[in-house]
Amino acid sequence: MSRPPIQRPDLGGPFPEHLAIVMDGNGRWAKRRGLPRVKGHSAGVDSVRTITTACARMGVQSLTLYAFSVENWQRPSAEVQTLMRLLRVFLWRERRTLMDNGVRLRCIGRLHDLPPRALRTLRETEELTSANDGMLLRLALSYGSRSELADALASAARDVRAGTLDPEAIDEETLRAYLYDPETPDPDLVIRTGGELRLSNFLLWQASYSELFVTDLCWPDFREPQLLEALQAFSSRRRRYGSLLPDETDDAPAAERGVS
Ligand code: FPP
């Protein structure tokens with residue numbers, strides 16, 4: 001089956017190549033409906049499917065979803081088990097959709113912590129999709145930025161001990177090379193659902209200059225129209241990376257600086 005054509009929405013401004021999402025609010029979504037929390041996670045899977053497919057069809061290069069944090073292991077074991085099962089079932093059921101949309105799957109995090117069955121399904125799906133040339137879907141699982149940095153530092157220290165890394169030569173790019181997935185460019189836009197104004201240990205290194213978009217909507221209510229709203233907001237942001245844009249310097253023509 002041939003892939004549906006890429007249809008980038010015309011936002012009138014830049015489009016994010018890498019989008020990362022903190023999928024929060026599943027529990028609250030369920031509680032508001034008088035349902036157990038795990039029902040919120042099941043409803044959240046529908047948003048994962050919708051948003052993954054929409055991003056792939058819009059030509060997003062990479063989508064990173066914060067699916068399970070290192071801290072999430074502290075939740076009641078029934079909730080953890082449900083999340084692991086949902087992950088396995090999602091990967092199993094959505095293989096066809098991933099293949100049809102040319103999506104490549106990659107997982108980041110302390111994956112050795114995952115239950116063997118879930119890990120096996122992940123590895124099989126990564127393998128199955130590895131030759132796809134469309135969007136990269138990264139699932140952050142048993143992921144935490146602080147543990148990623150600790151793991152990176154431990155690997156670098158081993159290389160220093162082995163004599164293959166000179167401590168005097170360590171710079172930002174050296175450290176980046178030890179992160180879980182150094183090849184994927186930093187996220188341009190980080191979306192957080194559920195209204196909390198924090199990053200919660202997600203991509204702290206990589207999101208240093210990402211634009212942030214927070215919505216009060218819970219993750220199960222986040223679908224294509226809400227995605228478009230976030231993309232639209234991104235398209236009007238002016239990214240300076242600590243510098244100035246050409247029209248903001250004192251020697252830019254007055255009209256460009258907004259002086260009449
Ligand atoms: C946060 O909501 C969400 C999670 C801890 C898990 C996210 C998982 C899914 C969306 C489903 C499974 C994932 C995949 C990739 C198939 P919360 O429980 O903290 O919500 P709350 O803040 O309202 O309590």
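The coordinates are above.
Keep in mind it's a predicted model, so treat the numbers as computed, not measured.

1. Section: the nonpolar core
The nonpolar side chains of a soluble globular protein tend to be buried, and buried together. Ranked by internal contacts, the top residues of the largest apolar core, which has 43 residues, are Leu-19, Ile-21, Leu-137, Leu-139, Leu-141, Ile-191 and Leu-227. Taken together, the elements giving at least two residues each to this core come down to β1 (18–22), α2 (37–58), β2 (62–69), α3 (77–93), β3 (104–108), β4 (136–143), β5 (189–192) and α8 (224–235). Residue contacts for Leu-139: discarding those within four places in its chain leaves Leu-65, Leu-87, Leu-91, Leu-105, Arg-106, Cys-107 and Ile-108.

2. Digging into the packing of α2 against α3
For the pair α2 and α3, the least separation of the axes is 10 Å and the interaxial angle reads 25°. In terms of orientation, α2 lies roughly parallel with respect to α3. As α2 runs across α3, the sense of the crossing is right-handed. Contacts between α2 and α3 involve Arg-37, Val-38, His-41, Ser-42, Val-45, Val-48 and Arg-49 from the former and Glu-79, Thr-82, Leu-83, Leu-86 and Phe-90 from the latter. Here the residues of the contact of α2 with α3 sort into 6 nonpolar, 3 polar and 3 charged.

3. Quick look at the sheet that holds β4
The 6 strands are arranged β3-β4-β2-β1-β5-β6 in an open sheet whose pairing can be described as parallel. Edge positions in the sheet fall to β3 and β6 (211–214), since each has one partner strand and no second. On average, adjacent strands in this sheet sit at an angle of 20° to one another, irrespective of strand direction. Sheet topology places β1 next to β5; 4 bridges connect them, and they run parallel.

4. Here's the deal with the pairing of β4
The buried fraction of β4 is high, at 8 of 8 residues. For the crossover that starts at β3, traverses helix α5 (residues 116–129) and ends in the parallel β4, the hand is left-handed.

5. A look at the site of the ligand
Close to the ligand lie 16 residues, the nearest being Asp-24, Gly-27, Arg-28, Arg-37 and Arg-75. In this structure, Gly-25 approaches the ligand through a main-chain N or O atom, which is 3.3 Å from an oxygen atom. Contact with the protein chains covers 92% of the free accessible surface of the ligand, which is 630 Å². Taken together, the elements giving at least two residues each to the shell around the ligand come down to α1 (26–32), α2 and α3. A class-by-class count of the residues in the shell around the ligand yields 7 nonpolar, 5 polar and 4 charged.

6. Notes on the environment of Arg-239
Examined against the element boundaries, Arg-239 turns out to sit in the segment after α8. A C-alpha to C-alpha distance of 31 Å links Arg-239 and Asn-26, two positions 213 residues apart in sequence. If near-sequence neighbours (up to four positions away) are discounted, Arg-239 is found in contact with Pro-187, Asp-188, Tyr-209, Ser-210, Glu-211, Phe-234 and Leu-245. In terms of polar contacts, Arg-239 uses its side chain to reach the side chain of Asp-188, at 3.0 Å. Of the polar contacts made by the side chain of Arg-239, one reaches the backbone oxygen of Tyr-209; its length is 2.9 Å.

7. What about the packing of aromatic side chains?
Under the defined criterion, the tally for this structure stands at 7 aromatic pairs. For the pair Tyr-66 and Tyr-143, a centre-to-centre distance of 6.0 Å together with 80° between the ring planes defines the contact as edge-to-face. Of this pair, Tyr-66 sits in strand β2 while Tyr-143 is found in strand β4, placing the two residues 77 residues apart along the sequence. The residues Tyr-66 and Tyr-143 share a single accessibility class, namely buried. Relative to Trp-73, the ring of Phe-68 lies with its centre 4.7 Å away and its plane at 70°, an arrangement referred to as edge-to-face. Overall, Trp-73 belongs to the partly exposed group, its relative accessible area being 30%.

8. Re the pattern of salt bridges
In total, this model carries 23 salt bridges according to the counting rule given. Measuring nitrogen to oxygen at the nearest pair gives 3.0 Å for the salt bridge that ties Arg-49 to Asp-46. You can see Arg-49 and its partner Asp-46 sitting in helix α2, 3 residues apart, about one turn around the helix. The exposure class of Asp-46 is partly exposed, given its relative accessible area of 32%. Note that Glu-124 is salt-bridged to Arg-95, the shortest N-O span being 3.3 Å. Here Arg-95 lies in helix α4 (residues 95–100) and Glu-124 lies in helix α5, a separation of 29 residues in the sequence. What makes Arg-95 buried here is its relative accessible area of 16%.

Cut-offs used in this document
- Each chain has its residues counted from 1, running along the sequence as written.
- For this predicted model, a pLDDT threshold of at least 70 governs which residues receive local features, and a threshold of 80 or more governs which side-chain atom pairs are given and counted, while totals over whole chains, interfaces and linings are taken from all residues.
- Computation of side-chain values covers all heavy atoms of the structure but excludes hydrogens and water.
- Definition of nonpolar core: a set of buried residues of the types Ala, Val, Leu, Ile, Met, Phe, Trp, Tyr and Cys, connected through side-chain atoms within 4.5 Å.
- When a residue's accessible area, from a 1.4 Å probe over protein chains only, is under 20% of the maximum for its type it is buried; when over 50% it is exposed; and in between it is partly exposed.
- In this description a helix means any DSSP run of H or I spanning at least four residues, a strand means any run of E spanning at least two, and both kinds are numbered starting from the N terminus.
- Whether two residues touch is decided by their heavy atoms; if any such pair falls within 4.5 Å, the residues are in contact.
- To get an axis, a line is fitted to the C-alpha atoms, and for a helix only the part in contact is used. The angle between two axes follows their N-to-C directions and goes from 0 to 180 degrees.
- Roughly parallel here means an angle under 35 degrees, roughly antiparallel means over 145, roughly perpendicular means 65 to 115, and every remaining angle is called oblique.
- By definition, turning the near helix anticlockwise from the far helix through less than a right angle yields a left-handed crossing, and turning it clockwise yields a right-handed one.
- Residues are grouped as follows: Ala, Val, Leu, Ile, Met, Phe, Trp, Tyr, Cys and Pro are nonpolar; Asp, Glu, Lys and Arg are charged; every other residue, Gly included, is polar.
- Between any two strands, at least two bridges found by DSSP are needed for them to pair.
- By convention a crossover is right-handed if, when the strands point away from the viewer, the path from the first strand over the helix to the second runs clockwise.
- Residue proximity to a molecule or strand is established when one non-hydrogen atom of the residue lies within 4 Å of it.
- Residues adjacent in sequence count toward polar contacts only when both atoms are side-chain atoms; beyond that, a polar contact is any pair of N or O atoms within 3.5 Å, and within protein one must be able to donate a hydrogen and the other to accept it.
- Only the protein chains shown count as cover for residues, with accessible areas throughout obtained via the Shrake-Rupley method and a probe of 1.4 Å.
- Between rings of Phe, Tyr and Trp, where Trp is taken as its six-membered ring, a pair exists when centres lie within 6.5 Å; planes separated by under 30 degrees are stacked, by over 60 edge-to-face, and by other angles tilted.
- We define a salt bridge as a side-chain nitrogen of Lys or Arg found within 4 Å of a carboxyl oxygen belonging to Asp or Glu.

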